[in-house]
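# Fold and geometry: a report
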Amino acid sequence: MIRYFIKERVSWILFFLFFQLLVLLMGFLDVSIPFQSVGYIVFLSCLFFFIFLIVRYYKETRFYHELKRHNQSFDLTTVPHANSPFEEIVSEMISEQNTTYKSQLNELRVSVEQEKDEILNWIHEVKTPLTTMQLMIDRITDQPLRSQIMYEWLRVHLLLDQQLHQKRIPFIQNDLYIEKTDLQILIFQEIKSLKLWCVQKGIGFDVNLEIKEVLMDAKWLGFIVRQLLTNAVKYSEASDIRIHSFVENGNKKLSIQDFGRGIDARDLPRIFDKGFTSTLNHHDHAATGMGLYLTKLVAESLHLDLQVQSKIGEGTVITLTFPQENEFVRLSM
């Protein structure tokens with residue numbers, strides 16, 4: 001801070017030094033004035049000026065020292081009290097900016113809330129014709145055509161479901177209900193929703209559940225399983241998907257293993273990044289890069305751990321580890 005103080009007043013300091021040199025010059029040129037007395041006056045002037053600078057430094061920089069430690073919040077009580085006209089100008093500007101930013105922030109919040117509500121309302125409205133379409137598809141007798149249309153219907157349904165949960169994730173803490181969840185019912189329900197897609201691709205399921213029950217939010221756990229199964233089916237062809245629940249080191253785990261195209265080693269650290277698709281199959285326009293990103297967000301909110309192992313051409317294993325005890329468990333007791 002002292003560097004800024006001197007830099008701010010360098011012109012004043014230079015003017016004072018110039019004036020002292022001028023006094024010395026006058027004393028040197030005017031023989032009627034004792035030069036020793038002139039030098040003594042200049043010495044005292046410089047000494048008092050130096051003391052004056054020190055006093056002013058501590059007094060004038062106090063406000064800015066405290067302002068620098070200001071926590072950048074909208075709480076004006078943390079802004080230091082102004083003791084000079086210039087400090088009052090700064091304090092007033094901070095107050096005006098704070099009011100402006102608060103107003104803009106409130107407007108943005110209202111706008112975001114309205115947009116979220118409109119999208120959620122639109123998603124719910126679209127689900128009605130989708131349900132009607134499913135009933136109409138069930139009446140189609142041409143099996144190949146029925147399978148193709150049902151596959152496209154399922155894609156739309158899954159994208160809408162993903163969008164719906166994406167809008168709910170920021171408020172997930174308000175939508176949690178921790179209960180004993182039957183893994184078998186949940187998993188078979190998700191498999192059933194993908195049945196026609198799996199039949200079309202020749203994909204089966206090998207389910208082995210040593211652990212039948214976990215303490216978790218069933219709806220959001222279902223979303224995680226749905227996203228993992230959708231990815232497994234999407235990138236597999238004519239193979240089985242293995243689903244296994246077990247206990248390891250005292251933790252309940254659920255693994256989903258496919259034998260599809262796999263994930264390149266250089267892509268593994270990035271698969272949960274928003275919008276990341278693949279470097280190996282970058283031309284795949286069907287990938288959105290949102291499924292695993294949303295899955296990771298939900299898993300973190302539920303204090304679940306996701307681990308991925310994969311090799312190109314051999315498939316992928318994603319292991320979901322349930323915590324032994326977390327805040328949701330304590331709240332439910």
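Before any of the text, the structure's been laid out above.
The sections below set out a description of the structure shown in this document. (Residues numbered from 1 in each chain as written. Predicted model: local features only at pLDDT ≥ 70, side-chain atom pairs only at ≥ 80, totals over all residues. Heavy atoms only, no water.)

## Focus on the pattern of salt bridges
Our working rule: Salt bridge, as used here: a side-chain nitrogen of Lys or Arg that lies within 4 Å of a carboxyl oxygen of Asp or Glu. What counts as a helix is a DSSP run of H or I of at least four residues, what counts as a strand is a run of E of at least two, and both are numbered from the N terminus. Only protein chains enter the calculation, and the probe is 1.4 Å; a residue is then buried if its accessible area is under 20% of its type maximum, exposed if over 50%, and partly exposed in between.
Under the criterion given, the structure shown has seven salt bridges. In this structure, the salt-bridge partner of Asp 138 is Arg 146, at a minimum N-O distance of 3.3 Å. Arg 226 is paired through a salt bridge with Asp 161; the nearest N and O atoms lie 2.6 Å apart. Linking Arg 226 in helix α8 (residues 218-234) with Asp 161 in helix α5 (residues 143-168), this pair joins segments that are 65 residues apart in sequence. Overall, the relative accessible area of 15% leaves Arg 226 in the buried class. Several salt bridges share partner residues, and in doing so they unite Asp 161, Glu 190 and Arg 226 into one network.

## Description of the packing of aromatic side chains
Spelled out, the test is: Aromatic contacts are taken between Phe, Tyr and Trp rings whose centres are within 6.5 Å, Trp giving its six-membered ring; a plane angle under 30 degrees counts as stacked, one over 60 as edge-to-face, and the others as tilted. In this analysis the charged atom, NZ for Lys or CZ for Arg, is taken to sit over a ring once it is within 6 Å of the ring centre and within 35 degrees of the ring normal.
Counted by the stated rule, this structure contains five aromatic pairs. Relative to Phe 35, the ring of Phe 28 lies with its centre 6.4 Å away and its plane at 80°, an arrangement referred to as edge-to-face. For Phe 35, a relative accessible area of 42% gives the class partly exposed. Taking NZ or CZ as reference, Lys 296 lies 5.2 Å from the ring centre of Phe 272, over its face.

## Re the environment of Thr 319
To keep it simple, the criterion reads: Note on contacts: a residue pair qualifies if any of its non-hydrogen atoms lie within 4.5 Å across the two residues.
Within the fold, Thr 319 resides in strand β7 (residues 315-321). The spatial distance from the C-alpha of Thr 319 to the C-alpha of Ile 256 is 6.5 Å, given a sequence separation of 63 residues. Residue contacts for Thr 319: discarding those within four places in its chain leaves Lys 253, Leu 254, Ser 255, Asp 305, Leu 306 and Gln 307.

## A closer look at the side chain of His 165
Positionally, His 165 belongs in helix α5. Since its relative accessible area comes to 4%, His 165 is described here as buried. For His 165, the residues in contact, after removing those within four places along its chain, are Trp 220, Phe 223 and Arg 226.

## A closer look at the pairing of strand β6 (residues 305-311)
The condition is simple: DSSP calls a pair of strands paired once it identifies at least 2 bridges connecting them.
Alternating residues of β6 divide into Leu 306, Val 308 and Ser 310, all buried, and Asp 305, Gln 307, Gln 309 and Lys 311, none buried. Bridge count for β6 against β7 is seven bridges, and the pairing is antiparallel. Counterpart to Lys 311 in the pairing with β7 is Gly 315. Counting the residues in the hairpin turn of β6 and β7 gives three residues, including Gly 313, whose phi is positive at 80°.

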